[in-house]
Amino acid sequence: MSADTAGPFDAPSDEDADGHLVLENAGGLRSLWPAWRAVPAGWTARFGPAPHAACLRVVEADRG
């Protein structure tokens, strides 16, 4: 992937866009997820849709 191509978990070019979710599984593991994708089986949306940075803060706070 080139530097000009963003992946689905990267911040969108419009950083204020509500493009991400924070998912959580039954074990309490949290994950950053693109809002446009279906939530996979076994996971529940716990935060968002919200901007990438806000979702990333929620996931990283869970690690601390």
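Residues numbered from 1 in each chain as written. Predicted model: local features only at pLDDT ≥ 70, side-chain atom pairs only at ≥ 80, totals over all residues. Heavy atoms only, no water.

Identification of the protein as MbtH protein from Streptomyces griseoviridis is taken from an unreviewed UniProt entry.

Novice: I keep staring at the side chain of Glu-24 and nothing clicks. Help me out?
Specialist: Among the secondary structure elements, Glu-24 is positioned in strand β1 (residues 20–25). In terms of polar contacts, Glu-24 uses its side chain to reach the side chain of Arg-46, at 3.1 Å. Glu-24 has contacts with Leu-29, Arg-30, Gly-42, Trp-43, Thr-44 and Arg-46, leaving out every residue within four places of it along the chain. (Helix = DSSP H or I, 4+ residues; strand = E, 2+ residues; numbered from the N terminus. Polar contact = N/O pair within 3.5 Å; in protein donor to acceptor, adjacent residues only side chain to side chain. Contact = heavy atoms within 4.5 Å.)

Novice: Any chance you could explain the pattern of salt bridges here in plain terms?
Specialist: Once their charged atoms are close, side chains differing in charge can pair, the charge on each being opposite to the other. Evaluation of the coordinates by the stated rule reveals two salt bridges. Close ionic contact of Glu-24 with Arg-30 constitutes a salt bridge, the shortest N to O distance being 3.0 Å. Note that Glu-24 and Arg-46 form a salt bridge whose closest N and O atoms lie 3.1 Å from each other. With a gap of 22 residues between them, Glu-24 in strand β1 and Arg-46 in strand β3 (residues 43–50) connect regions that are remote in the sequence. Judged by its relative accessible area of 17%, Glu-24 falls in the buried class. Bridged by salt links that share partners, the residues Glu-24, Arg-30 and Arg-46 form one connected network. (Salt bridge = Lys/Arg side-chain N within 4 Å of Asp/Glu carboxyl O. Buried < 20%, exposed > 50% of the residue type's maximum accessible area, 1.4 Å probe, protein only.)

Novice: So what exactly am I meant to see when it comes to the nonpolar core here?
Specialist: As a rule of thumb, soluble globular proteins bury nonpolar side chains together. Of all hydrophobic cores here, the largest spans six residues; its members are Val-22, Leu-32, Ala-50, Ala-54, Cys-55 and Val-59. Residues contacting Val-22, with those up to four places away along its chain left out, are Arg-30, Ser-31, Thr-44, Ala-45, Arg-46, Phe-47, Cys-55, Val-58 and Val-59. (Core = buried A, V, L, I, M, F, W, Y, C linked by side-chain atoms within 4.5 Å.)

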